[in-house]
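So the chains spell out like this:
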Amino acid sequence: MTFIPIRALPDPILKQKSKRVRNIDGSVKKLIGDMIETMHAAGGVGLAAPQVGVPWRVIVIGIPGEEDIVLINPKVVRRTGERLVDEGCLSIPGYIGQIKRAMSVRVKGRDLTGKEIRIKATELLAEVLEHEIDHLNGVLYIDYLDSMDKLRKIELAEAQL
Ligand SMILES: [Zn+2]
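Before going into details, it helps to say that this report is about the structure given with it. Owing to the predicted nature of the structure, the values given are computational and were not obtained by experimental measurement. Throughout this description, residue numbers start from 1 for each chain and increase along the sequence as written. Whole-chain, interface and lining totals are the exception, using all residues; otherwise, since this is a predicted model, local features are given only for residues with pLDDT of at least 70 and side-chain atom pairs are given and counted only at 80 or more. No hydrogens and no water enter the side-chain calculation; it runs on all heavy atoms of the structure.

### Description of unusual backbone geometry
Stage number 1. Note that the residue after Leu-9, namely Pro-10, is joined by a cis bond; omega there is 5°.
Stage number 2. Following the sequence through the fold, Pro-10 ends up in the segment before helix H1 (26-42).
Stage number 3. Positioned with a positive phi, Asn-73 is a non-glycine residue whose angle comes to about 50°.
Stage number 4. Within the element layout of this structure, Asn-73 appears in strand E3 (residues 69-80). Secondary structure is summarised from DSSP: a helix means a run of H or I of at least four residues, a strand means a run of E of at least two, and numbering begins at the N terminus for each.

In structure tokens, the structure reads:
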């Protein structure tokens with residue numbers, strides 16, 4: 001597995017819509033291994049493929065104390081409720097901003113073997129799922145801020161997604 005430098009703003013790949021994965025072949029598996037290593041090395045709890053320069057619909061999630069999650073072609077199928085969260089992003093280092101996220105989400109996608117998986121999530125996992133799936137659509141959390149004045153500078157990211 002290889003650490004891949006994380007793309008940061010204003011890299012245009014972060015604003016692109018990523019492509020569906022048609023075959024989960026060796027190159028997709030290698031990408032996923034590299035993404036998991038990169039996410040942990042960067043101290044993040046989630047990473048989307050465009051953040052490492054690959055515009056494919058692949059995300060990985062690694063919440064401390066829980067098993068890593070790999071999702072290929074993930075989709076939010078349901079959002080319930082609303083709450084405010086302080087969110088950060090590995091591609092926008094040094095900042096956080098307060099935005100609205102769902103209280104709970106239902107997501108479906110495929111695992112490394114191609115099997116369909118469905119996840120019902122709340123709290124941090126729900127936020128990370130929404131954040132990473134947004135990356136696949138070229139959407140960043142700062143797109144939800146009314147103004148860039150709402151961004152706060154921080155020393156160390158509290159939640160790096
Ligand atoms: Zn992010």
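Moving on, there is more to tell.
### What to know about the sheet that holds strand E8 (residues 152-153)
Stage number 1. The criterion for strand pairing is that DSSP finds at least two bridges linking the strands in question. Strand order in the open sheet formed by three strands is E4-E5-E8, and the pairing between neighbours is antiparallel. What marks the edges here is a single partner per strand, and that holds for strand E4 (83-87) and E8.
Stage number 2. The pairing of E4 with strand E5 (residues 95-101) spans five bridges and is antiparallel. When the sheet's bridge partners are listed, Glu-87 is paired in E5 with Gly-97.
Stage number 3. For this analysis, residues touch if any pair of their heavy atoms sits within 4.5 Å. Axis lines are fitted through C-alpha atoms, for helices just across the contact stretch, and the angle between N-to-C directions can take any value from 0 to 180 degrees. Packing of helix H2 (residues 123-136) onto the sheet brings it into contact with E4 and E5, and relative to E4 it is tilted by some 70°.

### Topic: the pattern of salt bridges
Stage number 1. Put simply, a salt bridge is a Lys or Arg side-chain nitrogen that is within 4 Å of an Asp or Glu carboxyl oxygen. A full pass over the atoms with the stated rule returns ten salt bridges.
Stage number 2. Between Asp-134 and Arg-101 there is a salt bridge, with its nearest N and O atoms 3.0 Å apart. Remark: Arg-101 occurs in strand E5 and Asp-134 occurs in helix H2; sequence separation between them is 33 residues. Arg-101 matches Asp-134 in its accessibility class, with the two residues each being buried.
Stage number 3. Between Glu-116 and Arg-118 there is a salt bridge, with the nearest N and O atoms lying 3.2 Å from each other.
Stage number 4. Under the relative-accessibility criterion, Glu-116 is labelled partly exposed at 37%.
Stage number 5. What you see here is one network of salt bridges that share partners, running through Glu-87, Arg-101 and Asp-134. Only protein chains enter the calculation, and the probe is 1.4 Å; a residue is then buried if its accessible area is under 20% of its type maximum, exposed if over 50%, and partly exposed in between.

### Topic: the nonpolar core
Stage number 1. Core analysis: the biggest nonpolar cluster contains 19 residues, and Ile-59, Ile-61, Val-105, Leu-125 and Leu-129 have the highest contact counts within it.
Stage number 2. Here the element with the most residues in this core is H2; it accounts for six residues.
Stage number 3. Once residues lying within four places of it in the same chain are set aside, the contact partners of Ile-61 are Met-39, Val-45, Gly-46, Glu-67, Asp-68, Ile-69, Leu-125, Val-128 and Leu-129.
Stage number 4. Nonpolar core, defined: a set of buried Ala, Val, Leu, Ile, Met, Phe, Trp, Tyr and Cys residues in which side-chain atoms within 4.5 Å join the residues together. In terms of nonpolar packing, the next biggest core, distinct from the first, is built from 17 residues, Val-21, Leu-31, Met-35 and Val-54 among them.

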